Protein chains: 2
Amino acid sequence: MQKIAILGIGQTKVDEHWDKSLKELGGEACFAAMQDANMNKVDALFVGNMLSPMINGQNQLGTFFSDWIGLWGHEAVKVEAACGSGAAALRAGLMGVASGEIESALVVGVEKMTDKAGHDVTAALATAADADYEVEQGVSFVGINALVMRRYMHEFGWQHADFAPFSINAHANAMHNPNARLHMEITTKQFENSNMVSTPINLLDASPIGDGAAAVIIVPAEKVDSIPGRPRIVLSGSAAATDTIAVHSRKDPLFLSAAYVSAKRAYDMAGVSPDNIDVFELHDAFSIMTALSLEASGFAERGQGPRLGLENEISPDGRVPVCTRGGLKARGHPVGATGMYQVVEVVQQLRGECGETQVDGAKIGMAQNIGGSGATVLTHILKAE
Amino acid sequence: MQKIAILGIGQTKVDEHWDKSLKELGGEACFAAMQDANMNKVDALFVGNMLSPMINGQNQLGTFFSDWIGLWGHEAVKVEAACGSGAAALRAGLMGVASGEIESALVVGVEKMTDKAGHDVTAALATAADADYEVEQGVSFVGINALVMRRYMHEFGWQHADFAPFSINAHANAMHNPNARLHMEITTKQFENSNMVSTPINLLDASPIGDGAAAVIIVPAEKVDSIPGRPRIVLSGSAAATDTIAVHSRKDPLFLSAAYVSAKRAYDMAGVSPDNIDVFELHDAFSIMTALSLEASGFAERGQGPRLGLENEISPDGRVPVCTRGGLKARGHPVGATGMYQVVEVVQQLRGECGETQVDGAKIGMAQNIGGSGATVLTHILKAE
């Protein structure tokens, strides 16, 4: 496949943006990416979004945003893969540019989900699960993850507190990210005493929802000279894989096979192994997902994910830095936008723009975005050249 | 771009499929396409759908269907562009295969929309319009089209009865399509006396909703030998273009500029002109859209679309055969599936499988799928080789 580069990045703060419409929120990230790339026009727009038909009463977000940002006439489309929508839009855009059909693409992940009451959002998020086999039984999305976490703890002998380092690391890193939703450090004691959501998942295991948008501009790498003072960032690995939607249908509910497959494909494509990854923005929607992602992606043995947190390997100066900008846990999880936040944050690391949480000498970064409870997984590997 | 061929096609009848789940409905078309192509595996799945989060409580339809049809592990994604979702999924799949990332793709458009009461569907369809500028004012989707039709009649001096031939042709052709929803011939008198929906659009100007799914399998053309007795069908033109979402924002609300742009790009790519198109499956969601599509795509002068119907140019033996399998009007309009029905029907024409409504010697066919009131338009040109 043709080599594709990321030229520009843009993002809004993850927050409750009650003063901004869906248009304004997504537009802000788009304009920021175009400004960062020093471009005022692109061929096509790919939008990742999960909830807008339900929460915002708006479909057809591709055209909705091409209209709003002044790309009249240009090709535009929305891509949806539940919470994996952001990275799914990136991969669709990447294939568009690589096919030669499109010369440049703006990819934006956007979600505005705090204007509705909690109940509506919980019901809307449940559409990521299997309507016939899971939701029909009355289980919520966090409920499904709670079942997985409880089984994992039982199977591998972990206590709830063993997951604390994941959330503590995410919150500590978010302190230095102005775009993060939560700016508060937490302790193991707070982690243990937090309000229960769905046993054993409590409030500090779970990522907060939020409104946000993040965008990148992609072009064929051969058409890009490095912008002075910046490395050229290339998408050297991209892969998508799926599993069953319903967790109970899986041969092994404690192994993210779609993460394994997509990570393996991305490693092969990029010609790297887990040892080469300097920074890993993973999909910590719940602390259990951090453990499972680390294991499926080759950073820990089966059932040993929590060890990386307990042995202090995951901080920006550790062996496997994760959630360096706060992750879903503390940067926040505006679902359809999350995959694009991860990619934007990896670009920031490879450019060396992360200040206090900068991973020294980061040259290769990975972003892994998950739709459903491991049902759709997209892995992207970025290299600074 | 690499040349892509359509190997297999599949479809369900458009109907009220209360006895089939969303899974079963889409799966039926997928399996039919795989059987038709004599393949039992493809690399990736692209799903076009508009309403499932709202009507069926299900998101992440890519993985939902890859799970159901046994493509575990394979890449899968959903693409949404309102009523243009079907063709948008085809174009995403086409770019995927053309990029070299994917060797074969199954593309399915699917919509199951009759299980909910009428009110919910009307509200769900309104998400194709601009939530802030149109729907907020209380206008429905048919209401927007009615405003356009009234203005068109005023501007160009047409009477309501002048649109009758469009619907009469569609219904007459559907009589010979076993997969069409409506099997009833209609007369000008019936057209004139039909129940009003939103003046001047009455029931026989408007396409019926329905449940349905249609699918194709696409592969690089170079890898395909003709199946004995069948021509090789190549996607020789593919283009997407957008306009403003809100009709009132357009410089000219009576011209489908996105149809014009996407048709022009598709003609250029295929190296053909309107004169070369043997069959044109257009997006007759409302009779006014037939007129506007014919004009924007170069088959009629501005304001003169109805003349093609009145002069009997649109029947299967006319100069510009349209809706040869019944069109949206009589085959039915399961919104996210419609674009794929159009493509499947063009393939049937190019294969010479259309019996009573076969266009003699059809070698080049065009399918045009529209999202919103002309906001997103995708045009595909297929050639029999």
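As shown above, the structure is provided for reference.
In this text the structure is predicted, and so the values were computed from the model without any measurement.

J.: With reference to specific residues and values, describe the overall build of chain A.
T.: Per the secondary structure count, chain A includes 13 helices and 11 strands. Out of the 385 residues in chain A, the part that is buried amounts to 69%. Here the contacts in chain A between residues at least 6 apart in sequence split such that 78% fall between residues at least 24 apart. Summed over its atoms, the accessible surface of chain A is roughly 12300 Å², and 49% of this surface lies on carbon and sulfur atoms.

J.: Before we move on, can you summarise the pattern of salt bridges with the specific residues and values?
T.: With the rule as written, the count across this model stands at 44 salt bridges over all chains. The shortest N-O distance in the salt bridge between B:Lys13 and B:Asp15 comes to 3.5 Å. According to the relative accessible area criterion, B:Lys13 is partly exposed, its value standing at 27%. Three or more residues are tied together by salt bridges with common partners; here these are A:Asp36, A:Arg230, A:Arg351 and A:Glu353.

J.: An account of the nonpolar core is needed here, citing residue identities and associated values.
T.: Grouped together as the largest cluster of nonpolar side chains are 84 residues, with contacts concentrated most on A:Ile6, A:Phe46, A:Val216, A:Ile218, B:Phe46, B:Val216 and B:Ile218. Setting aside residues up to four positions removed in sequence, B:Phe46 forms contacts with A:Met95, B:Val77, B:Ala89, B:Ala92, B:Gly93, B:Ile102, B:Ala105, B:Leu106, B:Val107 and B:Val108. Counting residues in each nonpolar core, the second largest holds 67 residues, with A:Ile55, A:Phe141, A:Trp158 and A:Leu328 among its members.

J.: So what's going on with the relation of the copies chain A and chain B? Residues and values would help.
T.: The operation linking the two copies of the chain is a rotation about an axis combined with a translation along the axis. If you rotate chain A by 180° and push it 0.0 Å along the axis, it lands on chain B with an RMSD of 0.0 Å. Such a combination of rotation and displacement between the chain copies is what one expects of a two-fold axis. Looking at the rotation axis and the C-alpha trace of chain A, the residue lying nearest is A:Ser99, at 1.9 Å. Taken together, the interface assignments show that 100% of the residues at the interface of chain A recur at the interface of chain B, consistent with an identical surface on both copies.

J.: Give me the lowdown on helix 4 (residues 85–99) of chain A, citing residues and values where you can.
T.: All names here are of chain A. For helix 4, spanning 15 residues, the distance from its first C-alpha to its last is 21 Å, which sits close to the expected 21 Å at 1.5 Å a residue. Buried residues dominate helix 4, accounting for 15 of its 15 residues. Just past helix 4, the residue glycine 100 takes up positive phi, approximately 90°.

J.: Explain the packing of aromatic side chains to me, and be specific about the residues and the numbers.
T.: Taken as a whole and assessed by the stated rule, the structure comprises 14 aromatic pairs over all chains. Connected via pairs of aromatic rings, a cluster forms that spans A:Tyr152, A:Phe156, A:Phe163 and A:Phe166. The ring of B:Tyr133 has A:Lys23 sitting right over it, with the charged end atom 4.1 Å from the ring centre.

J.: Residue-level account of the interface of chain A and chain B, with values.
T.: Many authors give the size of an interface as the accessible area that is lost as the parts come together. Contact with chain A, which involves 60 residues of that partner, is made by 60 residues of chain B. With both chains or domains summed, chain A and chain B bury close to 4300 Å², and 48% of this area falls on carbon and sulfur atoms. Seen at the junction of chain A and chain B, the total is 10 salt bridges. For the interface between chain A and chain B, the tally reads 36 residue pairs in polar contact (both at pLDDT 80 or more). Contributing elements (two or more residues each) for the side of chain A that touches chain B: helix 2 (52–55), helix 3 (61–68), strand 3 (75–80), helix 4, strand 8 (233–242) and helix 9 (257–270) of chain A. As paired strands, strand 3 of chain A and strand 3 (residues 75–80) of chain B are joined by 3 bridges and run antiparallel to one another. Paired with A:Val79 across the strands is B:Val79, a residue of strand 3 of chain B.

What counts and what doesn't
- Residues numbered from 1 in each chain as written.
- Chains lettered and ligands numbered in written order.
- Predicted model: local features only at pLDDT ≥ 70, side-chain atom pairs only at ≥ 80, totals over all residues.
- Heavy atoms only, no water.
- Helix = DSSP H or I, 4+ residues; strand = E, 2+ residues; numbered from the N terminus.
- Buried < 20%, exposed > 50% of the residue type's maximum accessible area, 1.4 Å probe, protein only.
- Contact = heavy atoms within 4.5 Å.
- Areas by Shrake-Rupley, 256 points an atom, 1.4 Å probe, with all protein chains shown as cover.
- Salt bridge = Lys/Arg side-chain N within 4 Å of Asp/Glu carboxyl O.
- Core = buried A, V, L, I, M, F, W, Y, C linked by side-chain atoms within 4.5 Å.
- Least-squares fit on C-alpha atoms with pLDDT ≥ 70 in both.
- Expected span 1.5 Å × (residues − 1).
- Phe/Tyr/Trp six-rings, centres within 6.5 Å; stacked < 30°, edge-to-face > 60°.
- Lys NZ or Arg CZ within 6 Å of the ring centre and 35° of its normal.
- Buried area = accessible area lost by both parts, 1.4 Å probe.
- Polar contact = N/O pair within 3.5 Å; in protein donor to acceptor, adjacent residues only side chain to side chain.
- Pairing = 2+ DSSP bridges.

These figures come from the coordinates and say nothing about function on their own.
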